[in-house]
2 protein chains.
Amino acid sequence: MLDKSKRYLVVGLGLLGGKYALELTKAGFTVDGINRSEKHLQYALDKGYIRSGKTHDFEDLVSGADYVIFGLYPTALLTWFETYGRLLKPGCICTDVSGVKTGLVGPVQEMCPAGVEFIASHPMAGRETSSVEHAAEVNFAPANFIITPTEKNTARAIVWITELAEVLGFRRISTLTVEEHDRMIGYVSQLCHAIAVSLMCANDNTDLCEYTGDSFRDLTRIAKINETMWSELFLWNRDNLIAEIDQFDGALAQLRAALAAGDRAALEEMFRLSTRRRAAFDE
Amino acid sequence: MLDKSKRYLVVGLGLLGGKYALELTKAGFTVDGINRSEKHLQYALDKGYIRSGKTHDFEDLVSGADYVIFGLYPTALLTWFETYGRLLKPGCICTDVSGVKTGLVGPVQEMCPAGVEFIASHPMAGRETSSVEHAAEVNFAPANFIITPTEKNTARAIVWITELAEVLGFRRISTLTVEEHDRMIGYVSQLCHAIAVSLMCANDNTDLCEYTGDSFRDLTRIAKINETMWSELFLWNRDNLIAEIDQFDGALAQLRAALAAGDRAALEEMFRLSTRRRAAFDE
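Reference entry: report on the structure contained in this document.

Cut-offs used in this document
- Residues numbered from 1 in each chain as written.
- Chains lettered and ligands numbered in written order.
- Predicted model: local features only at pLDDT ≥ 70, side-chain atom pairs only at ≥ 80, totals over all residues.
- Heavy atoms only, no water.
- Helix = DSSP H or I, 4+ residues; strand = E, 2+ residues; numbered from the N terminus.
- Buried < 20%, exposed > 50% of the residue type's maximum accessible area, 1.4 Å probe, protein only.
- Contact = heavy atoms within 4.5 Å.
- Areas by Shrake-Rupley, 256 points an atom, 1.4 Å probe, with all protein chains shown as cover.
- Lys, Arg positive; Asp, Glu negative; His and termini not counted.
- Charge placed at Lys NZ, Arg CZ, Asp CG, Glu CD.
- Least-squares fit on C-alpha atoms with pLDDT ≥ 70 in both.
- Pairing = 2+ DSSP bridges.
- Right-handed = clockwise from strand over helix to strand, strands pointing away.
- Buried area = accessible area lost by both parts, 1.4 Å probe.
- Salt bridge = Lys/Arg side-chain N within 4 Å of Asp/Glu carboxyl O.
- Polar contact = N/O pair within 3.5 Å; in protein donor to acceptor, adjacent residues only side chain to side chain.
- Nonpolar A, V, L, I, M, F, W, Y, C, P; charged D, E, K, R; others polar.
- Disulfide = S-S within 2.5 Å.
- Phe/Tyr/Trp six-rings, centres within 6.5 Å; stacked < 30°, edge-to-face > 60°.
- Axes fitted to C-alpha atoms, helices over the stretch in contact; angles between N-to-C directions.
- Left-handed = near helix turned anticlockwise from the far one by under 90°.

1. A closer look at the overall build of chain A
Helices and strands together make up the secondary structure of chain A, namely eleven helices and nine strands. Once the C-alpha set of chain A is aligned to its principal axes, its extents read approximately 70 × 40 × 35 Å. Counting all 283 residues of chain A, 56% fall into the buried class. Look at the contacts in chain A between residues 6 or more apart in sequence, and 71% of them connect residues 24 or more apart. Accessible surface for chain A amounts to roughly 11000 Å². Of this, 50% is attributable to carbon and sulfur atoms. Computed over 29 positive and 38 negative side-chain charges, the separation of the two mean positions in chain A equals 4 Å.

Listed below in structure tokens is the structure:
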């Protein structure tokens, strides 16, 4: 099991970074924090999510950490690592929480000082809210935790990240390559968000609010979106997401053509296929 | 309040027809049934949803009914009315449960014998299941009930259908024209189903089942679909649905273009718009 005498550092006390700090502290670990905004750092201190924290002059926290969790967006993580990565001490293991891995994991691993290891992971527990003030509402119990190791990673780091995910209480821990992860996330998450956003942007039907049922509400719930994070996730996974949009659009065009032609048999065939495939997701 | 000495007839004991029969019987009304399949008629009799019922030679049930509820698909309703409509007695009021109204309400009203009135309505309480065997699972409590009167309808019929919806326990009863109803349903229901079906048909990603989170499951839940009913609903509302698909597709193309161009500002603008509009649906 994880060694509780080690020092944990969370860089970026947002929704997920904050939740990691909260859960680790609750489990008896020593957790420090670094955050850009004073207000949210103070919130984490007030709530006891972290033992201590800083917004600047935090070199001692970085060089004293045994384990570092980056709760930053991909661009900010790269910038942080370029500036402060050299301060990490030999033996230190780091991870992230980012929803995209291509273009991030390789460069960060390249920047790791000797003896420092970055093992990427993705807690699939995002919500429509953001910031440490909502961290306590995040629920890891039904969520997937994906580890994306590369050939640079050691067994020691993979064991550590797996045990961390267990401590955090994820339902299911699995391993994918960086490429598999980004293709998967392009389909199961980003394409869904692209669709929900497009549906809300298509026209202003707010006068129809009162007539909506569960199907519409379920479909568009995720159209409430953190624009900073999601534009970053979309752009970092652009090729996969465009490929998924095009495949989806092809199927929609096929349905539209069947409809325009009054081709009932073709419609029924699509409905049977979608029913059969969707049933597999309920098993 | 509704007169309990009157005779109710449900024609088509499917999911909704069966639920109407069940609720009306429970409320103390006398309900008979007509159904094509012997098996489902027997089920409704065994469960006490109806007092009596027939699969054929049902002329006496039709001519004896004070109120008739058609739980049939649009095409079947038109055919039924052509064949048996003349048997309805003067003073009889009829309604339906159909999810589309254009092309249905006008012709049925034209066929009504003297003194017989058809007032169309739509209980927005469909589920992914079908048949009378699932009728008891249908929940009207959170659902909308839409009445679509025409200039042929009388105040007496509108009062009756409103009280019927109250007895059945709908959350909210409202009135739209036939055209407004079909435009609304094309957007809040049919477009959502077209999207969910297309997403499942786009490619066979059942290997990704284990990675899906709430957003994917919510978005695709309605891809499990009764192909007979939904192909009929889509085709009967073809023009509205095609217009909605095209509007949606335009927004998706806009998102794709912003993504392909790496235009972060344009993406963020769409995300802010979708967030703002979707928030209105939570109020």
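There is more to say, and it comes next.
2. Let's talk about the relation of the copies chain B and chain A
After a rotation of 180° and a shift along the axis of 0.0 Å, chain B superposes on chain A with an RMSD of 0.0 Å. Seen this way, the second copy is the image of the first under a two-fold rotation axis. Considering only C-alpha atoms, the part of chain B nearest the rotation axis is L219 of chain B, at 2.2 Å. A shared interface surface links the copies, since 100% of the contact residues of chain B are contact residues in chain A too.

3. Topic: the pairing of strand β1 (residues 7–11) of chain B
Residue and element names in this part refer to chain B. With four of five residues buried, β1 lies mostly within the body of the structure. Pairing of β1 with strand β2 (residues 30–34) involves five bridges; the strand directions are parallel. Bridging across to β2, R7 finds its partner in T30. The parallel pair β1 and β2, bridged by helix α1 (residues 15–26), forms a crossover whose chirality is right-handed.

4. A few points about the interface of chain B and chain A
On the chain A side, the residues contacting the 83 residues of chain B number 83 residues. With both chains or domains summed, chain B and chain A bury close to 8600 Å², and 65% of this area falls on carbon and sulfur atoms. If you sort the residues of chain B by the area they bury against chain A, Y211, R278 and F281 of chain B come out on top, with a joint share of 9%. Across the pair D218 of chain B and R221 of chain A runs a salt bridge, and its minimum N-O distance is 2.9 Å. Joining chain B to chain A, the criterion identifies 42 residue pairs in polar contact (both at pLDDT 80 or more). Of the residues belonging to the side of chain B that touches chain A, the class tally is 43 nonpolar, 16 polar and 24 charged.

5. Examining the side chain of S189 of chain A
Residue and element names in this part refer to chain A. Looking at the secondary structure, you find S189 in helix α7 (residues 178–202). For S189, a relative accessible area of 13% puts it in the buried group. Contact partners of S189, with chain neighbours within four places excluded, come to M184 and W230.

6. Some details on the state of the cysteines
Enumeration according to the criterion identifies zero disulfides over all chains in this entry. Free of any disulfide, C94 of chain A has its nearest neighbouring cysteine sulfur in C92 of chain A, separated by 4.1 Å. Judged by its relative accessible area of 0%, C94 of chain A is buried. Its sulfur unpaired, C112 of chain B is 5.8 Å from the next cysteine sulfur, which belongs to C94 of chain B.

7. Quick notes on unusual backbone geometry
Among all residues save glycine, negative phi is the norm, and among peptide bonds the norm is trans. Even without a glycine there, the phi angle at D57 of chain A is positive, about 50°. Judged by its relative accessible area of 56%, D57 of chain A falls in the exposed class.

8. Side note on the sheet that holds strand β3 (residues 52–54) of chain B
Residue and element names in this part refer to chain B. Strand order in the open sheet made by the six strands is β3-β2-β1-β4-β5-β6, with parallel pairing throughout. A strand with exactly one partner marks an edge of an open sheet, and here the two such strands are β3 and β6 (117–118). Bridging between β2 and β3 involves three bridges; their strand directions are parallel. Looking at β3, one finds that D32 is bridged to S52.

9. A word on the packing of aromatic side chains
Overall, the coordinates contain 35 aromatic pairs over all chains when judged by the stated rule. Aromatic pair Y43 of chain A and Y49 of chain A: ring centres 6.2 Å apart, planes at 75°, arrangement edge-to-face. The class of Y43 of chain A is partly exposed, set by a relative accessible area of 21%. Assessed through its relative accessible area of 6%, Y49 of chain A is described here as buried. Both rings, one in F271 of chain A and one in F234 of chain B, keep their centres 5.3 Å apart while their planes meet at 90°; by these two values the pair is edge-to-face.

10. Regarding the packing of helix α10 (residues 238–260) of chain B against helix α11 (residues 264–280) of chain B
Residues and elements named next belong to chain B. Packing of α10 against α11 brings their axes to within 8 Å, and their N-to-C directions diverge by 145°. Seen along the crossing, α10 lies across α11 with a hand that is left-handed. In contact with A251, Q254, L255, A258 and L259 of α10, α11 contributes A266, L267, M270 and F271. Looking at the contact of α10 with α11 residue by residue, the class counts come to eight nonpolar, one polar and no charged.

11. Regarding the sheet that holds strand β8 (residues 144–147) of chain A
All names here are of chain A. Pairing is mixed in the open sheet, where three strands are placed in the order β7-β8-β9. Where the open sheet ends on each side, the last strands, each with one partner, are β7 (121–124) and β9 (172–175). Here the average twist between neighbouring strands, direction ignored, is 20°. Note that β7 and β8 share four bridges and pair antiparallel. Each bridged residue has a counterpart across the sheet, and for M124 the counterpart in β8 is N144. With respect to the sheet, helix α6 (residues 155–168) is in contact with β7, β8 and β9, its orientation differing from that of β8 by roughly 170°.

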